[in-house]
Amino acid sequence: MSILAIEDLSATLAGKQVVDSVSVTVEKGSFTGLIGPNGAGKSTFLRACLGLVPTSGKVHLDGIDLTNLRPAERARHLAYLPQERETAWAMSVEAVVALGRLPHHARFTATSEHDRAAIEAALTRMDLSAFRQRAVTSLSGGERARVLIARALAQETPVLLADEPLAGLDPQHQIALMRLFRELPAEGRIVIASMHDLTLAARWCDRLLLLQGGRAHAQGRPEDVLTARTLEEVYTVEAFIGTAAGGLIVQPVDLSKEKKEENHG
């Protein structure tokens, strides 16, 4: 069974420690939600896993030390969906999705039959076949998000790391994306995605990793992590926690008593 083991991962930006000794083990076939308030270190944690920021600690996949791999080699193991969705060039949707195949072959190598199949599968899965010749710069923010998700799918890695993938999507496409992120683990992949919507995280993720101040405040099953006490401690809010349609509902309804007193102090 594939295992992603992140051990004592720390990251520093501009001389400030943003991620502090976070350890988590994620098994094949699981979808982990990365949650926490603004500034908790979620984006930096994902970038640290990819070696995109100065880091210490280890990231192993099936015993392979990914921290010692060159970027192109690491990209065969980890796909990354960044939060930023701006595109500088008027490339076609199909050409952008095809970029996901670059880690798998040398420069200037002709596109293989397998490459074409992976690109086509990604376009189909993200309902982009009709957009394939459109310039990505002509698309809406939500449509561009789907293109970048398709690019990550075409990369065909065992692990997908996604930073705020729900941002800018309407409710229909948010739920469709969460369904996709549940399907990928069923096919044997590992998905870790940062998000702010606690109900979607609770209903669709197998496990949650809650960051606060760059450290792991809690991790485990959604019902064990998203408690009234934890939400008050970390998010300083009061929340309704219940169930509906067979899943957990977590809805912040007010500031915590302590926070309200602080604001009126």
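Above this text is the structure in question.
Remember, it's a predicted structure, so these values are computed and weren't measured experimentally.

Colleague: So what exactly am I meant to see when it comes to the overall build of the chain here?
Modeller: Across its full length, the chain holds ten helices and twelve strands. For the chain, whose C-alpha radius of gyration is 19 Å, the value lies close to the compact-globule estimate of 18 Å for 265 residues. Here the C-alpha coordinates of the chain stretch approximately 65 × 40 × 35 Å along the principal axes. The buried share of the chain, taken over its 265 residues, is 47%.

Colleague: Looking at this structure, I do not really get the packing of aromatic side chains. What am I missing?
Modeller: Between two aromatic rings, the relevant description is the distance of the centres plus the angle of the planes. Applying the stated criterion across every chain, the model contains one aromatic pair. Taking 5.7 Å as the distance between ring centres and 75° as the angle between the ring planes, the aromatic pair formed by Phe31 and Phe181 counts as edge-to-face. A residue pair is termed long-range when its members are at least 10 positions apart, and Phe31 in strand E3 (residues 31-35) and Phe181 in helix H6 (residues 171-186) qualify at 150 residues. Residue Phe31 shares its accessibility class with Phe181, and that shared class is buried. A cation over an aromatic ring shows up here: Arg146 above the ring of Phe131, its NZ or CZ 5.9 Å from the ring centre.

Colleague: Would you mind going over unusual backbone geometry with me for this structure?
Modeller: Across residues other than glycine, the phi torsion is negative in most instances, and most of the peptide bonds are trans. With phi around 55°, Asp62 is a residue other than glycine that occupies positive phi space. Within the secondary structure, Asp62 sits in the loop between strand E4 (55-61) and strand E5 (64-65). A positive phi is found at Glu164, a non-glycine position, where the angle reads about 50°. Structurally, Glu164 can be placed in the loop between strand E7 (159-163) and H6. You can call Glu164 buried: its relative accessible area is 10%.

Colleague: Honestly, the nonpolar core in this entry has me stumped. Any pointers?
Modeller: The tendency in soluble globular proteins is for nonpolar side chains to be buried as a group. Ranked by size, the top nonpolar core spans 52 residues in total, and within it Phe31, Ile35, Val97, Phe181 and Met195 carry the most contacts. With eight residues, the top contributor of residues to this core is helix H5 (residues 141-154). In this view, Phe181 contacts Phe31, Leu160, Ala162, Pro165, Val191 and Ala193; residues no more than four positions away in its chain are not counted.

Colleague: Where do I start with the sheet that holds strand E9 (residues 207-212) in this structure?
Modeller: Two orientations exist for strands paired in a sheet by backbone hydrogen bonds: parallel and antiparallel. Read from one edge to the other, the open sheet built from six strands follows the order E6-E7-E8-E3-E9-E10, with strand pairing classed as mixed. Bordering the open sheet on either side are strand E6 (78-81) and strand E10 (215-220), each of which pairs with just one other strand. Strand-to-strand twist of the sheet, defined as the mean angle between neighbouring strand axes without regard to direction, takes the value 15°. With four bridges connecting them, E6 and E7 associate as parallel partners. If you follow Leu81 over to E7, its bridge partner there is Ala162. Here helix H1 (residues 42-49) sits on the sheet in contact with E3, E6, E7, strand E8 (190-194) and E9, set at roughly 150° to E7.

Colleague: Got a minute to help me understand the pairing of strand E12 (residues 247-255) in this structure?
Modeller: Regular strands show a simple pattern: their side chains alternate between the two faces of the sheet. Bridging between strand E11 (residues 237-244) and E12 involves eight bridges; their strand directions are antiparallel. Residue Phe240 lies in a different strand from E12, and its bridge partner there is Gln251. Taking the residues that link successive antiparallel strands as the turn, the E11-E12 hairpin has two residues, and the phi of Ala245 there is positive, at about 50°.

Colleague: Could you clarify how one ought to interpret the packing of H5 against H6 in this entry?
Modeller: In a pair of packed helices, the angle between the axes and the distance between the axes together describe the arrangement. Viewed as axis vectors pointing N to C, H5 and H6 meet at an angle of 5°, and their least axial separation amounts to 13 Å. Comparing their axes, H6 and H5 come out roughly parallel. Taking contact as the criterion, the partners of Arg146, Ile149 and Leu153 in H5 are, on H6, His173, Leu177, Leu180 and Leu184. Here the contact of H5 with H6 is composed, by residue class, of five nonpolar, one polar and one charged.

Colleague: Sorry, what's going on with the side chain of Thr44 here?
Modeller: Position of Thr44 among the secondary structure elements: in helix H1. With near-sequence residues (within four places) excluded, Thr44 lies in contact with Ala11, Leu13, Val18, Val19 and Val53.

Cut-offs used in this document
Residues numbered from 1 in each chain as written. Predicted model: local features only at pLDDT ≥ 70, side-chain atom pairs only at ≥ 80, totals over all residues. Heavy atoms only, no water. Helix = DSSP H or I, 4+ residues; strand = E, 2+ residues; numbered from the N terminus. Rg over C-alpha atoms; globule rule 2.2 N^0.38 Å. Buried < 20%, exposed > 50% of the residue type's maximum accessible area, 1.4 Å probe, protein only. Phe/Tyr/Trp six-rings, centres within 6.5 Å; stacked < 30°, edge-to-face > 60°. Lys NZ or Arg CZ within 6 Å of the ring centre and 35° of its normal. Core = buried A, V, L, I, M, F, W, Y, C linked by side-chain atoms within 4.5 Å. Contact = heavy atoms within 4.5 Å. Pairing = 2+ DSSP bridges. Axes fitted to C-alpha atoms, helices over the stretch in contact; angles between N-to-C directions. Parallel < 35°, antiparallel > 145°, perpendicular 65-115°, else oblique. Nonpolar A, V, L, I, M, F, W, Y, C, P; charged D, E, K, R; others polar.

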